[in-house]
Amino acid sequence: MKFLGKPRSHTAAFLPLCWLLLKTLQSGHCHPYGNRYAGDKVIRLTPRTEEEVFAFKNIYRRLQVDLWQPSSISYVSEGTVTDVHIPQNASRTLLTFLQGARIQYTVLIEDLQKAVENENNLQTQRNRRSLSEYNYEVYHSLEDALLTYKTDPAMRKMLNHLYFYIMPVFNVDGYHFSWTHDRFWRKTRSRNSRFHCRGVDANRNWKVKWCDEGASAHPCDDTYCGPFPESEPEVKAVADFLRQHRKHVRAYLSFHAYAQMLLYPYSYKHATIPNFGCVEIAAHKAVKALRSAHGIRYRHGPASQTLYISSGNSMDWAYKNGIPYAFAFELRDTGQFGFLLPEMLIKPTCTETMLAVKNITLHLLKKCP
């Protein structure tokens, strides 16, 4: 997550975007996460008719499998690309059902535990390597940061005119839990007095059309909106910070996975934002700059049209509270690896994303007609 402030006379340190992607696994065990994903599969299907949608939703509710894309079963309709994580004990039942219903599917990950362990082995090897080019374990002056302040005129211009406020990890407790217990945990870790299920979707907990379309009121759902807006301390803290500084904040950027998209408001409704022209120009140039690095194509546009309708998210909240440029990145990939993006793709993902961020930032320093 990143906030860009109004032009100032001083510079501020800028943490590398790569920190958003550095750690994905707990290392040091023969079978990470207690071998809990052994035999699990990830499949992709695309319902072609209303009958196939109805059939899939019925079996989904019976088996309670884990949707990777989209985030809620309510988003599944004709033509929706749907990625599903199937536990081993439900695999035969679901696949037999899909075959009987003639719903076509492909297997993206044959054994999820092996995929997790392969990533874990790469993590261990990487930890043994020395960081010859840059040491992340000591403090650095602005002059010798990843930033190339002296040699990159664009970066120098950005830092001379803007403050950057960066939160490398928003959901700290949930992130820690994803290392120690459940690699694919997405919610916070708050307790619920009435249900055994824990956590809230931190991107459905903001006070903008809270708990409306695209969010769930049930605590056991991944898209649970929480008992009330800003119920989560993580959301409350960031919202308070933005309220305090909103007169000076020019842009709000958040980073998620996965889909390869650059989204802007609105998410909660099909409508055009007042400054659509300026925001669309910035988004178009950003994805063009991103593609110039490695040829990776991102779709861009209003979230409600480009992805799906969702309520109570931080991007819409930032925009509705006076921040004129609010974007959400859905980073690599489009489903081949899903939530298990290999470490070898961290650097290219960071490189191309940084180009997009620089492009958006430089756009803020110009007057949009």
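Computed from a predicted model, the values in this text were never measured in an experiment.

About the cut-offs
- Residues numbered from 1 in each chain as written.
- Predicted model: local features only at pLDDT ≥ 70, side-chain atom pairs only at ≥ 80, totals over all residues.
- Heavy atoms only, no water.
- Buried < 20%, exposed > 50% of the residue type's maximum accessible area, 1.4 Å probe, protein only.
- Helix = DSSP H or I, 4+ residues; strand = E, 2+ residues; numbered from the N terminus.
- Pairing = 2+ DSSP bridges.
- Contact = heavy atoms within 4.5 Å.
- Disulfide = S-S within 2.5 Å.
- Axes fitted to C-alpha atoms, helices over the stretch in contact; angles between N-to-C directions.
- Parallel < 35°, antiparallel > 145°, perpendicular 65-115°, else oblique.
- Left-handed = near helix turned anticlockwise from the far one by under 90°.
- Nonpolar A, V, L, I, M, F, W, Y, C, P; charged D, E, K, R; others polar.
- Salt bridge = Lys/Arg side-chain N within 4 Å of Asp/Glu carboxyl O.
- UniProt positions renumbered as here; feature names shortened; annotations may be inferred.
- Arc of directions from axis to C-beta.
- Polar contact = N/O pair within 3.5 Å; in protein donor to acceptor, adjacent residues only side chain to side chain.

### Remarks on the pairing of strand E2 (residues 41–45)
Inference 1: Within E2, four of the five residues are buried, leaving the element largely enclosed by the surrounding structure.
Inference 2: Judged from the five bridges that link them, E2 and strand E4 (residues 82–86) form a sheet pairing that is antiparallel. Residue Arg 44 lies in a different strand from E4, and its bridge partner there is Asp 83.
Inference 3: For E2 and strand E5 (residues 105–109), the ladder comprises four bridges, and the chain directions are antiparallel. By the bridge assignment for E5, Leu 45 is matched with Tyr 105.

### Structural notes on the side chain of Asn 171
Inference 1: Along the chain, Asn 171 turns up in the loop between strand E6 (164–166) and helix H5 (172–180).
Inference 2: Not counting residues within four places of it along the chain, the set of residues in contact with Asn 171 comprises Arg 186, Lys 187, Thr 188 and Glu 234.

### Considerations on the environment of Glu 50
Inference 1: Tracing the chain through its elements places Glu 50 in helix H1 (residues 50–63).
Inference 2: Spatially, the C-alpha atom of Glu 50 lies 9.7 Å from that of Gly 79, the residues being 29 residues apart in sequence.

### Observations concerning the state of the cysteines
Inference 1: Applying the stated rule across the entire model yields two disulfides.
Inference 2: Residue Cys 197 pairs covalently with Cys 220 via a disulfide, S to S 1.8 Å. Measuring handedness by torsion sign, the sulfur bridge of Cys 197 and Cys 220 sits at about 85° and is right-handed. Here Cys 197, found in the loop between H5 and helix H6 (233–245), pairs with Cys 220, found in the loop between H5 and H6; they are 23 residues apart in sequence, far enough to count as distant.
Inference 3: Residue Cys 197 is classed as buried on the basis of its relative accessible area of 14%.

### Observations regarding the environment of Pro 302
Inference 1: Position of Pro 302 among the secondary structure elements: in strand E9 (residues 299–302).
Inference 2: Look at Pro 302 and you get buried, because its relative accessible area is 12%.
Inference 3: Taking the C-alpha atoms as reference points, Pro 302 and Ile 273, 29 residues apart in sequence, are found 8.9 Å from one another.
Inference 4: If we skip the residues at most four places from it in the chain, Pro 302 touches Tyr 264, Pro 265, Tyr 266 and Leu 307.

### Some details on the packing of H1 against helix H2 (residues 88–100)
Inference 1: Across the interface, H1 lies against H2 with an axial gap of 11 Å and an inter-helix angle of 165°. By the angle between their axes, H1 is roughly antiparallel relative to H2. In terms of crossing hand, the pair formed by H1 and H2 is right-handed. Residue-level contacts link Ala 55, Phe 56, Ile 59 and Leu 63 of H1 to Ala 90, Thr 93, Leu 94, Phe 97 and Leu 98 of H2.
Inference 2: When the residues that make up the contact of H1 with H2 are grouped by side-chain class, the tally is eight nonpolar, one polar and no charged.

### Points about the pattern of salt bridges
Inference 1: Enumeration over the complete set of coordinates arrives at 12 salt bridges.
Inference 2: Two residues, Asp 222 and Arg 186, come together in a salt bridge whose shortest N-O distance is 3.6 Å. Of this pair, Asp 222 sits in the loop between H5 and H6 while Arg 186 sits in the loop between H5 and H6, and the two are 36 residues apart along the sequence.
Inference 3: Three or more residues are tied together by salt bridges with common partners; here these are Glu 230, Lys 236, Asp 240 and Arg 243.

### Here's the deal with the UniProt feature "active site" (unreviewed entry) in the protein
Inference 1: As recorded in UniProt, the feature "active site" (unreviewed entry) lies at Glu 330.
Inference 2: Tracing the chain through its elements places Glu 330 in strand E10 (residues 325–331).
Inference 3: Setting aside chain neighbours within four positions, we find Glu 330 in contact with His 256, Ala 257, Tyr 258, Ala 259, Gln 260, Met 261, Leu 263, Tyr 298 and Leu 307.

### Quick notes on the environment of Ala 55
Inference 1: Mapped onto the fold, Ala 55 is located in helix H1.
Inference 2: Given the relative accessible area of 15%, Ala 55 is considered buried.
Inference 3: Sequence-wise, Ala 55 and Phe 97 are 42 residues apart; in three dimensions their C-alpha atoms are separated by 9.1 Å.
Inference 4: With residues near it in sequence (within four places) discarded, Ala 55 still touches Phe 97 and Ile 103.

### Section: helix H4 (residues 153–161)
Inference 1: All of the buried residues in H4 are Met 155, Met 158 and Leu 159. Down the axis, H4 shows its buried residues gathered within 90° of arc, on one side only.
Inference 2: In the core, the buried residues of H4 are packed alongside E6 and helix H10 (346–364).
Inference 3: Here H4 starts with a cap whose side-chain oxygen sits 3.0 Å from the backbone nitrogen of Ala 154, and that cap is Asp 152.

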